[in-house]
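Listed below, chain by chain, are the residues.
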Amino acid sequence: MADSPQISSPRAADIALLNGLFYPASLDSGSLLSMAIADGHIAYAGPKAGMDSWIGPRTRIIDLRGKMVLPGFVDAHLHPLLGGLSLLECNLSGLASLPAYHQALLSYLGAHPNAPFIRGGGWTGGAFPHERPSKELLDAIVSDRPVFLKAMDGHSMWANSCALHAARIHAGTPQPPGGWIEKDARTGQPTGWLKEWSAMALVESCFPAATHEQWMDGARAFMKKANQAGITAVSEAMMTESDQRVYADLDQRGELSVRIHGMALCRPEDSEPEHQRILRLLQQPGSGFFQTRSVKLFLDGVVEAHTAWLKDPYSDQPRHHGTLIWPEESFLREVSWWDAQGIPVHIHAIGDAASQLAVDALERAIQQSKHPQLRHQIAHLDMVQQAEIERLARLHILAVVQPAWAYVDHAFFDSALPFLGKERSARLYPLRTLFRSGVMLACGSDWPFGGDDTSLAPLEAIQVGATRLGLAGDYPTPYSPEECLPLQVLLDAYTRNGAYALFRETEFGMLTAGMKADLIVLDGNLLEMGLNHIHSARVLLTLVEGRPVFHAADWIGL
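Since we're looking at a predicted model, the values are computed, not measured.

Rules used throughout
Residues numbered from 1 in each chain as written. Predicted model: local features only at pLDDT ≥ 70, side-chain atom pairs only at ≥ 80, totals over all residues. Heavy atoms only, no water. Helix = DSSP H or I, 4+ residues; strand = E, 2+ residues; numbered from the N terminus. Buried < 20%, exposed > 50% of the residue type's maximum accessible area, 1.4 Å probe, protein only. Contact = heavy atoms within 4.5 Å. Expected span 1.5 Å × (residues − 1). Pairing = 2+ DSSP bridges. Axes fitted to C-alpha atoms, helices over the stretch in contact; angles between N-to-C directions. Phe/Tyr/Trp six-rings, centres within 6.5 Å; stacked < 30°, edge-to-face > 60°. Lys NZ or Arg CZ within 6 Å of the ring centre and 35° of its normal. Parallel < 35°, antiparallel > 145°, perpendicular 65-115°, else oblique. Left-handed = near helix turned anticlockwise from the far one by under 90°. Nonpolar A, V, L, I, M, F, W, Y, C, P; charged D, E, K, R; others polar.

Q: Help me out: how do you make sense of the overall build of the protein chain in this one?
A: From N to C terminus, the protein chain includes 17 helices and 22 strands. Overall, the protein chain is about 80 × 55 × 50 Å in size when its C-alpha atoms are taken along their principal axes. Within the span of the protein chain, comprising 558 residues, buried residues form 58% of the whole. The contacts of the protein chain with a sequence gap of at least 6 include a subset with a gap of at least 24, amounting to 73%.

Q: Would you mind showing me how to read helix α11 (residues 352-368) here?
A: At 3.6 residues per turn, the α-helix brings residues three or four places apart onto the same side. Compared with an ideal rise of 1.5 Å per residue, which puts 17 residues at 24 Å, α11 spans 25 Å between its outermost C-alpha atoms and is within 8% of the ideal. By the burial criterion, the buried members of α11 are D352, A353, A354, S355, L357, A358, V359, A361, L362, E363 and A365.

Q: Would you mind going over the sheet that holds strand β11 (residues 180-183) with me for this structure?
A: What links the strands of a sheet is backbone hydrogen bonding, and the strands pair in either a parallel or an antiparallel sense. The sheet built from six strands is open, its strands ordered β7-β8-β9-β10-β12-β11 with mixed pairing. Looking at strand neighbours, the two that pair on one side only are β7 (90-91) and β11, the edges of this open sheet. Note: β7 against strand β8 (residues 118-123), two bridges, orientation parallel. Opposite C90, over in β8, you have G120 as the bridge partner. Packed onto the sheet, helix α3 (residues 98-111) meets β7, β8, β9 (147-151) and β10 (156-159) and runs at close to 150° relative to β8.

Q: Please explain the packing of aromatic side chains as it appears in this structure.
A: Aromatic rings in a pair are described by how distant their centres are and how their planes are angled relative to each other. What the rule picks out here adds up to 16 aromatic pairs. On the numbers, 6.3 Å between centres and 55° between planes, the contact of Y101 with W158 is tilted. Of this pair, Y101 sits in helix α3 while W158 sits in strand β10, placing them 57 residues apart in sequence. In this pair, the class of Y101 matches that of W158, namely buried. Taking NZ or CZ as reference, K195 lies 4.2 Å from the ring centre of W193, over its face.

Q: Which parts of the structure should I look at to understand the side chain of Q463?
A: Of note, Q463 is situated in helix α15 (residues 458-467). Using a relative accessible area of 5% as the deciding quantity, one classes Q463 as buried. Apart from residues lying up to four places away in sequence, Q463 is in contact with R468, L471, L531, N532, H533, I534 and H535.

Q: Just checking my understanding: could you explain the sheet that holds strand β18 (residues 398-401) for this structure?
A: Spatial ordering of the open sheet is given by β6-β13-β14-β15-β16-β17-β18-β19, a layout of eight strands whose pairing is parallel. Here the strands that pair on one side only, and so sit at the sheet edges, are β6 (73-78) and β19 (441-443). Within this sheet the neighbouring strands show an average axis-to-axis angle of 25°, counted without direction. Each of β16 (345-349) and β17 (377-380) touches α11; the most contacted strand, β16, lies at about 160° to it.

Q: For this particular structure, what's the right way to read the side chain of E89?
A: Position of E89 relative to the elements: it lies in the loop between α2 (80-86) and β7. Apart from the residues within four sequence positions on either side, E89 is in contact with Y108, R119 and G120.

Q: What exactly am I supposed to notice about the environment of A16 here?
A: Among the structural elements, A16 can be located in strand β1 (residues 15-22). In this structure A16 touches M35, M51, I55, T59, R60, I61 and I62, once residues within four positions along its chain are discounted.

Q: How should I be thinking about the environment of P372 in this particular structure?
A: Assignment of secondary structure puts P372 in the loop between α11 and β17. For the pair P372 and D339, spaced 33 residues apart in the sequence, the C-alpha separation amounts to 9.2 Å.

Q: Which parts of the structure should I look at to understand the packing of helix α7 (residues 212-228) against helix α8 (residues 241-252)?
A: Helices that pack against each other are described as a pair by the angle of their axes relative to one another and the distance between those axes. Across the interface, α7 lies against α8 with an axial gap of 10 Å and an inter-helix angle of 65°. With respect to α8, the element α7 is oriented roughly perpendicular. Between α7 and α8 lies a crossing whose hand is right-handed. For the pair α7 and α8, contact is made by H212, W215, M216, A219, R220 and M223 and by R245, V246, D249 and L250, respectively. Classifying every residue of the contact of α7 with α8 gives six nonpolar, one polar and three charged.

Rendered as structure tokens:
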């Protein structure tokens, strides 16, 4: 960075950052550096001596006094609108017991006594140690109106009797394609546990969707939370037409403080109308803050719901391999079709069989492709095996991983260990193996979905990825410590690699002249503090295109 050229400018800088530790340039130079920001871009980055010509009477000068400056964090896979709306609905995140859920539901009901139904989520399987989510448990809390709550992982729903009745779900209801209605083995009646999106939609579709303004409010809540965490750009991992309208509306109003890359959701219909619908979505005009560039396909579910697609059956269900959301041949055709259109695909794959099929599909598409270097991506890859890892590297397929999940939590003992067995559960999240095999990594949170808890904060995910330990300290033994990632690898995955995943690495993700001034200031030097303290570093300032979108109230720097 010290040798990066400056940009000619007819006027002085808007902001001058002096005497900072700039990542990664200060690692190379071993010295404090400075930066001039003009017209939303980094105009100069280098030694303080080069700043004189950039400082004018209206330049806002910030003496960083050795504080650390990073490119803004990029979350390459999450669900901003679903997460933002969850902050406004009945939110069970962070709670881990039925009594806590009971109290949260009653509190929500007390604040919304006239609500015709209760929608929300955030529960975990660990709250049901001796039984499964059931309508009876929920009826005991609220029985006079429908209640339906998504799990923390986003792939299950807990519904009460009123909700099941409204959706006309009964003993004779057939299983929906790609989903599962859990039924009592004795009576055949639905238990209130619905797995995967097609099953959950049976209930959700019976109730009014959130209004456009409610989605807008949810987006605003998300952006505030994201900016506080130092996030300046994200990939929306499941964008629909209504989502597109929300983002476009906020963009037109100048309200977006986070850059949004939309991935258009492609459902397993394998039909011409579905293709045309998505193509229309992809053709919508974009801007510097909102673009739609790729297609998202769900291939399987999650281990916690027995819907991740496995090569060998589940340990506790020896005849069950999970749920393949797309028929295999249909999926292979679908991936090749989008590649032929020059559209990158982003695939959800959790189980080892799903990971293999995802790589198979991309390998076939790439071999036939007339559009090289589309930057196809696979998200999660929780159980990916070495043969697929080697192909990922050879085919230059980007892995979008979730380091925040890579620790022993209650869900490990409640689901991973009993469902997968000791050997398979010990091989989850092979992050260092991916990196050492030459696979490019970008990081995502999958927020608001996760394990015991969910976090949007990259600093928390980076600490977990570097230590393989949970932040709460409930389990002091690192989870497969040989898979810890070096700190700098994680920082790169959350910045420049994230920008690459969003197809915008020439615009942001690095602190060099000419880049957009998307950056953050931290109160501590991540490279000097112990790895177990990374999450305690605070974001003091977040700039997006040189505009302050978050400023810590107790910091006098701005």
